[in-house]
Structure formats: C-alpha cells, structure tokens
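# Survey of secondary and tertiary structure
Spelled out, the chains give:
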Amino acid sequence: MQYNDRADLDASDISDARGSGGGGFGGMPIAFGGGGLGIVGLIIYLVVQFTSGGGGGSTGTVLDSLGSGSNANAATNGDVAQECRTGADANSNLDCAVVADIDSIQQYWTRELPQLGARYVDAPTVWFTNSIRTGCGQASSGMGPFYCPADKRVYIDLSFYDDLRTQFHAKGGLFVDAYVLAHEYGHHVQDLLGTESKVQAGVAGPKSGSVRLELQADCYAGVWANHATTTPGPDGQVLISNITREDVNRALDAASRIGDDYIQTHLGSGRVDRSSFTHGTSAQREKWFTTGYRTGDPQACDTFSTNSLG
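In this report, the structure presented in the accompanying data block is examined. (Residues numbered from 1 in each chain as written. Predicted model: local features only at pLDDT ≥ 70, side-chain atom pairs only at ≥ 80, totals over all residues. Heavy atoms only, no water.)

### Brief notes about the environment of Asp151
We count it as follows: A run of H or I in DSSP becomes a helix once it reaches four residues, and a run of E becomes a strand once it reaches two; helices and strands are each numbered from the N terminus. Each residue gets one of three labels from its accessible area relative to the maximum for its type: buried under 20%, exposed over 50%, partly exposed in between, using a 1.4 Å probe on protein chains only. Working rule for contacts: check all heavy atoms of both residues, and any pair within 4.5 Å makes them a contact. Any N or O atom pair separated by 3.5 Å or less is treated as a polar contact, with the protein-specific requirement of one donor-capable and one acceptor-capable atom, and with residues adjacent in sequence counted only for side-chain atom pairs.
Structurally, Asp151 can be placed in the loop between strand E9 (146-148) and strand E10 (153-156). Under the relative-accessibility criterion, Asp151 is labelled partly exposed at 22%. Sequence separation of Asp151 and Thr134 is 17 residues, and the distance between their C-alpha atoms is 7.4 Å. If sequence neighbours within four positions are ignored, Asp151 has contacts with Thr134 and Gly135. Looking at Asp151, its side chain comes within polar contact range of the main-chain nitrogen of Gly135, at 2.8 Å.

What follows is the structure, given as structure tokens:
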C-alpha cells in the first residue's frame, strides 16, 4: 500500500497518550458491551480461561488485573501533528501512516453514513502504551485494539502491529494495519447506527449477536478498503494511492489468524468450543471482509438477517 505524497494529513483526531503513565497492576477492570472488545481483545481472556479451567467468554466479560495506566483525557497530539503533515510522511513513518489511515476511514464514513440514515461523528483514536483508563474502564495493551462505546474512542497500542506478526505469525504490512483500524471504526459506525446497543452482552455462540457484530465490522472494513483509493482526504486529494492484491491477501491472512477457532486452537486449550464463540471463525472473518471489499456496499454487510454466516 502506498500513500499520496502530496496529500495533506489531519492529526486532529489523534490523542497521543504514550509516555503519559502506565505500568503497575490494580485499578478498575474494563467491561464492554457488544462489539467493544475489538479485533482481538478477547485473546487474553480466552488464554486465561482455558489455562485456568474456566469456560468461554463474550464481549460482555469483565477483565481484571489491567494496570493503573495513563488517562486518555491527558493525551495530546502536538508532536504527531508536527511530524505527520503529508502523505510523504505516511510513506516513511508508521505513526503518520496510521494518521493517514484514520483520515481516510473517517472521510469515507462521513460521506457514506448519511446514505444509511445517520450522521457520522468523528471518533478520536487514542495511542497508548501498557495500560490506560477509558470510558469503559481500565484497559491494557494486551487486549489489542478496541472501540469504547462509552466515550466513542478507538484505543490502540501501536506495538500491537508487531504482536500480530510475532505472536500470530501474520504477514502484516501497512494495509493489515489499516484493516485493524477500519474494523474498530466499523464498531463506531455500528454505535452511531444503533446496532451495537441492540446486541445482548454476555451471549456467546456461533450465531450470537456478538459474532454477527464482529463479522459486520470486518465487512465494513472491507467496504472502506474498496473505496480507499478514491476517498479524498481533508484537502480533497486522495490519501491512499495504491492497494495491491498482495495487500488484500495479507489482510485475509491476518483475518484467518484472529478467528475464534484459530485462537482457541493455537492460544488456548487446543480444543474448539463453538459455544464460546464471540468473534466468528477464521473462514467467516475472511468471508465477510471479502464481501465488503468485493461489493463496496455497506448494505451487503447485514450479518443480522442471514442464517448463513459462512
């Protein structure tokens, strides 16, 4: 994936809380409603549950022992705004690539969401290290990226991108990084449309509302990807100039490594327990990202009215 060197970047929706605190243990646990755990936020819970003899999990699960951490409200973006001014910066600096991704994703949904009957409201992305206090409670970087409906922010420790390659053995790459963010912003779209609030927390299973919510967020990520090379940035210039077939293949590779079945097999007990599914299988996550990418139509992402999730 390449960015348009001449496009301007807007870092105003970045809150950089890195280095503002963190470490230690204790504090309040984090509790999410449907869709709140993000792309792989359930991983730590699954590992703990399976190694301690517990049962499955869901996006309504309370996670404890997550560090006192920094505060999202103390975040700034001055340094990021200075460093990340153009697409050329995005092509040479990972932080700036993330800024470009967020600009593109939010510009797309600003244009598209009114067609679905809602107005898009920008959601800040908070960068943090170790742990952080959020509107949903205390969170740690070990949870992976997530969206918090309570404060309508996306949270990510950027070291997650390295974890995706080293722990999950995904191929990774700039487009995979963008897919991760587009999935989380898919949850923000669900929140704005009222979809997230209709999903009953704490209910798991292969056809549960939680699974449908996650697969729809994957589909929304694919929809954005379809339009990424034609979506203008804040200055009217397209931000992303090229996405290759290899980029898409890498995103599918990442999706295949974050399904419930893969996580349970490779990071849990080694036994697949379908009754505990909350995010969908690897094949389903690939399918719904592909559906969004192939059609480019958010209305093709209706995972709630179909019995055939893949």
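### So, the nonpolar core
For the record, the criterion: By nonpolar core is meant a set of buried Ala, Val, Leu, Ile, Met, Phe, Trp, Tyr and Cys residues that side-chain atoms within 4.5 Å join together.
By size, the foremost hydrophobic cluster in this structure holds 65 residues, and its most contacted members are Leu164, Phe175, Trp224 and Phe289. Going through the elements one at a time, helix H4 (94-112), E10, helix H5 (160-166), helix H6 (174-193), helix H7 (209-227), helix H8 (245-256) and helix H10 (282-295) are the ones with two or more residues in this core. If we skip the residues at most four places from it in the chain, Trp224 touches Ser104, Ile105, Tyr108, Phe175, Ala178, Ala182 and Ile240. By size, the runner-up hydrophobic cluster in this structure holds 10 residues, among which are Val126, Cys136, Ala139 and Cys148.

### Describing the packing of H6 against H7
Operational definition: To define axes, lines are fitted to C-alpha atoms, for helices over the stretch in contact only, and angles between the resulting N-to-C directions are given on a 0 to 180 degree scale. Take the far helix as the reference: if the near one is turned anticlockwise from it by less than a right angle, the crossing is left-handed, and if turned clockwise, right-handed. Here the nonpolar group is Ala, Val, Leu, Ile, Met, Phe, Trp, Tyr, Cys and Pro; Asp, Glu, Lys and Arg are the charged ones; every other residue, Gly included, is treated as polar.
For the pair H6 and H7, the least separation of the axes is 7 Å and the interaxial angle reads 120°. Both H6 and H7 take part in a crossing whose hand is right-handed. Here Phe175, Ala178, Tyr179, Ala182, His183, Gly186, His187, Val189, Gln190 and Leu193 of H6 come into contact with H7, specifically with Leu213, Glu214, Gln216, Ala217, Asp218, Tyr220, Ala221, Trp224 and Ala225. For the contact of H6 with H7, the class distribution of residues is 12 nonpolar, 5 polar and 2 charged.

### Topic: the side chain of Glu184
Quick reminder of the rule: All tallies of charge rest on Lys and Arg as positive and Asp and Glu as negative; His and the ends of each chain are not included. What counts as a salt bridge is simple: a side-chain nitrogen of Lys or Arg found within 4 Å of a carboxyl oxygen of Asp or Glu.
Position of Glu184 among the secondary structure elements: in helix H6. Of the buried charged residues, Glu184 lacks a salt bridge, with Arg285 as the closest side chain of opposite charge at 6.9 Å. Of note is the side chain of Glu184, whose polar atom sits 3.4 Å from the backbone nitrogen of Tyr147.

### What about the pairing of E10?
Defined as follows: Two strands are said to pair when DSSP picks up at least two bridges between them.
The alternating pattern of E10 places Arg153 and Tyr155 and Val154 and Ile156 on opposite faces, both of which are buried. Inspection of the sheet shows strand E6 (residues 125-127) paired to E10 by 3 bridges, in the parallel sense. Within E10, the residue paired with Thr125 across the bridge is Val154. Alignment of E9 against E10, held across 3 bridges, turns out to be antiparallel. For Tyr147, the partnering residue across the bridge sits in E10 and is Val154. Connecting E9 to the antiparallel partner E10 that follows it, the hairpin turn spans 4 residues, and Lys152 within it adopts a positive phi of roughly 55°.

### As for unusual backbone geometry
Unusually for a residue other than glycine, Lys152 sits at a positive phi of about 55°. Looking at where Lys152 falls in the secondary structure, it is placed in the loop between E9 and E10. Here the phi dihedral of His169 falls at roughly 60°; this positive angle occurs in a residue that is not glycine. Structurally, the position occupied by His169 is in the loop between H5 and H6. For His169, a relative accessible area of 53% translates into the label exposed.

### Describing the state of the cysteines
Note: disulfide means a covalent bond formed between the sulfur atoms of two cysteine side chains. Our working rule: Cysteine sulfur pairs qualify as disulfides if the two atoms are within 2.5 Å.
Under the criterion given, the structure shown has 3 disulfides. In this model Cys136 forms its disulfide with Cys148; the gap between the sulfur atoms is 2.1 Å. Looking along the S-S bond of the Cys136-Cys148 disulfide, the torsion reads about 100°, which is the right-handed sense. One end of the pair, Cys136, is in the loop between strand E7 (131-134) and strand E8 (137-140); the other, Cys148, is in strand E9, and 12 residues separate them in sequence. The buried category is assigned to Cys136, whose relative accessible area is 11%.

Bear in mind that shape data such as this cannot, by itself, settle questions of function.
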